[in-house]
Amino acid sequence: MDKKRILYISSEIMPFVGESEISANCRTVLTAMQDRGHEIRTFMPKWGPINERRNQLHEVIRLSGMNLIIDDTDHPLLIKVASLPSARLQVYFIDNDDYFQNHLFTNDRDGSEYHDNDERTIFFARGVLETVKKLRWNPDVIHCYGWMSALIPMYVKTGFQEEPAFRDSKVVFSLCDDGFSSNFPDNYKDKLLVRNMTPDVAGSFASPFGFEELMKKAIEFSDGVVKDSRNSDKELYQYAGKLKKARIDCSTQSDSAEKLEQFYDSLF
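Since this is a predicted model, take the numbers as computed values, not measurements. (Residues numbered from 1 in each chain as written. Predicted model: local features only at pLDDT ≥ 70, side-chain atom pairs only at ≥ 80, totals over all residues. Heavy atoms only, no water.)

Student: Before we move on, could you go through the packing of helix α1 (residues 21-35) against helix α10 (residues 257-266) and cite the residues and values that matter?
Tutor: The N-to-C vectors of α1 and α10 enclose an angle of 75 degrees; their axes lie 10 Å apart at closest approach. The orientation of α1 relative to α10 falls into the category roughly perpendicular. For the pair formed by α1 and α10, the contact residues are Val29, Ala32 and Met33 on the first element and Ala257, Leu260, Glu261 and Tyr264 on the second. Tallied by class, residues from the contact of α1 with α10 come to 6 nonpolar, no polar and 1 charged. (Axes fitted to C-alpha atoms, helices over the stretch in contact; angles between N-to-C directions. Helix = DSSP H or I, 4+ residues; strand = E, 2+ residues; numbered from the N terminus. Parallel < 35°, antiparallel > 145°, perpendicular 65-115°, else oblique. Contact = heavy atoms within 4.5 Å. Nonpolar A, V, L, I, M, F, W, Y, C, P; charged D, E, K, R; others polar.)

Pasting the structure below:
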């Protein structure tokens, strides 16, 4: 496989958060790809429980400072960075006081899902893409893991499609064992529109709009779909097949790096 620039965007990565299937899988894949000689950039949310001192996070001033407008409200974008232990690999963190600083993951300590989970997906996706532009780094492959990254495929193929950084990028979405139970508000489609995106560009939205619908949107705008967990929704994987998306099942592989390399190549 030709050496590629690969952007990994994940809801969770070990050891910055506790071990889960998605955090462990993503950590394994991105380090394996770096060991194989690919150029890697990695992003995840700066969740509230992440200890900045213990993990040696620090703010990247030259990348921070942008305001992202969501639902007519300005939200400052903060970019932090840390090194992945035992690997020469930096991880960038998307942060904001309202959306991440004092938040857990999908639910608060009482078990209630955050009312702004919908806006958090928008802020994270836009924050990642705006930051990659600032890095002046053009990824060949953009591989997304988890619900927080689910808007990335849509944005790359619509609002950001004319950006030189993403014009030739192939987008891969991993179906993982994650999700939430509640539905997003009815105005979610209006909130996520950015740049030249119009409602018809985003396509139809089911009502109510929940986890399954969010995953379907990610699949619709992706070039390839990976089954990353034995527990991931089989119907979603079948849905990708109905849309004739390139697919690969990595849920039973202890080392999927070689299969992913071949899969990435097949998309070009």
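Right, picking up where we left off after that structure.
Student: Quick rundown of the environment of Asn196? Include the residues and the values.
Tutor: Looking at where Asn196 falls in the secondary structure, it is placed in the loop between α6 (188-192) and α7 (199-202). A C-alpha to C-alpha distance of 5.8 Å links Asn196 and Gly159, two positions 37 residues apart in sequence. If sequence neighbours within four positions are ignored, Asn196 has contacts with Thr158 and Gly159.

Student: Hey, could you go over helix α8 (residues 211-220) for me, with residue numbers and the actual values?
Tutor: Of all the positions in α8, only Phe211, Leu214, Met215, Lys217, Ala218 and Ile219 are classed as buried. Those residues of α8 that are buried are in contact with α5 (152-157), β9 (170-175), α6, α7, β10 (224-227) and α9 (234-242). (Buried < 20%, exposed > 50% of the residue type's maximum accessible area, 1.4 Å probe, protein only.)

Student: Can you tell me about the pattern of salt bridges, naming the residues and giving the values?
Tutor: For the structure shown, the criterion picks out 16 salt bridges. Across the salt bridge formed by Asp118 and Lys191, the nearest N and O atoms sit 3.0 Å from each other. Of the two residues, Asp118 sits in helix α4 (residues 117-135) while Lys191 sits in helix α6, which places them 73 residues apart along the sequence. Judged by its relative accessible area of 10%, Lys191 is buried. The salt bridge partner of Glu163 is Lys133, with a shortest N-O separation of 3.4 Å. With a gap of 30 residues between them, Glu163 in the loop between α5 and β9 and Lys133 in helix α4 connect regions that are remote in the sequence. The class of Glu163 is buried, set by a relative accessible area of 17%. By relative accessible area, Lys133 is classed as partly exposed at 26%. Salt bridges sharing partners connect three or more residues here, namely Lys46, Glu52, Lys80 and Asp95. (Salt bridge = Lys/Arg side-chain N within 4 Å of Asp/Glu carboxyl O.)

Student: Summarise unusual backbone geometry; cite the residues concerned and give the values.
Tutor: Backbone torsion omega between Met14 and Pro15 reads 0 degrees, so that peptide bond is classified as cis. For Pro15, the location among the structural elements is in the loop between β1 (5-10) and α1. In this model, Arg136 sits at a positive phi of 55 degrees, which is unusual for a non-glycine residue. As for its position among the elements, Arg136 is in the loop between α4 and β8 (141-145). Judged by its relative accessible area of 77%, Arg136 falls in the exposed class. Backbone geometry at Arg195 places phi at a positive 60 degrees, although glycine is not the residue there. Within the secondary structure, Arg195 is located in the loop between α6 and α7.

Student: Account for the side chain of Ser64, naming residues and giving values.
Tutor: Looking at where Ser64 falls in the secondary structure, it is placed in the loop between β3 (58-59) and β4 (67-70). In this structure the side chain of Ser64 is engaged in a polar contact, spanning 2.8 Å, whose partner is the backbone nitrogen of Ile79. Those residues in contact with Ser64 that lie beyond four places of it in its chain are Glu59, Leu77, Leu78, Ile79 and Lys134. (Polar contact = N/O pair within 3.5 Å; in protein donor to acceptor, adjacent residues only side chain to side chain.)

Student: Mind laying out the nonpolar core, listing which residues take part and the relevant values?
Tutor: Side chains of nonpolar character tend, in soluble globular proteins, to be buried together. Core analysis: the largest hydrophobic core is formed by 91 residues, its most contacted members being Tyr8, Met33, Met44, Ile94, Ile152, Tyr155 and Leu214. A total of 8 residues in this core trace back to one element, the largest contributor, which is α4. (Core = buried A, V, L, I, M, F, W, Y, C linked by side-chain atoms within 4.5 Å.)

Student: Can you explain the packing of α8 against α9? Please cite residues and give values.
Tutor: Where α8 meets α9, the closest approach of the two axes is 10 Å, and the angle between their N-to-C directions is 30 degrees. Taken as axis vectors, α8 and α9 run roughly parallel relative to one another. In the packing of α8 onto α9, the handedness of the crossing is right-handed. Contacts from Glu212, Met215, Lys216, Ile219 and Glu220 in α8 reach Glu235, Leu236, Tyr239 and Ala240 in α9. For the contact of α8 with α9, a count of residues per class yields 5 nonpolar, no polar and 4 charged. (Left-handed = near helix turned anticlockwise from the far one by under 90°.)

Student: Tell me about the pairing of β10, and name the residues and values.
Tutor: Of the two faces of β10, the one lined by Gly224 and Val226 and the one lined by Val225 and Lys227 are each fully buried. The pairing of β9 with β10 spans 4 bridges and is classified as parallel. Bridge pairing links Ser174 to Val226 in β10. Sheet topology note: the β10/strand β11 (residues 246-249) ladder contains 4 bridges and is parallel. Looking across to β11, one finds that Val226 is bridged to Ile248. For the handedness criterion, the β-α-β arrangement of β10, α9 and β11 is classed as right-handed. (Pairing = 2+ DSSP bridges. Right-handed = clockwise from strand over helix to strand, strands pointing away.)

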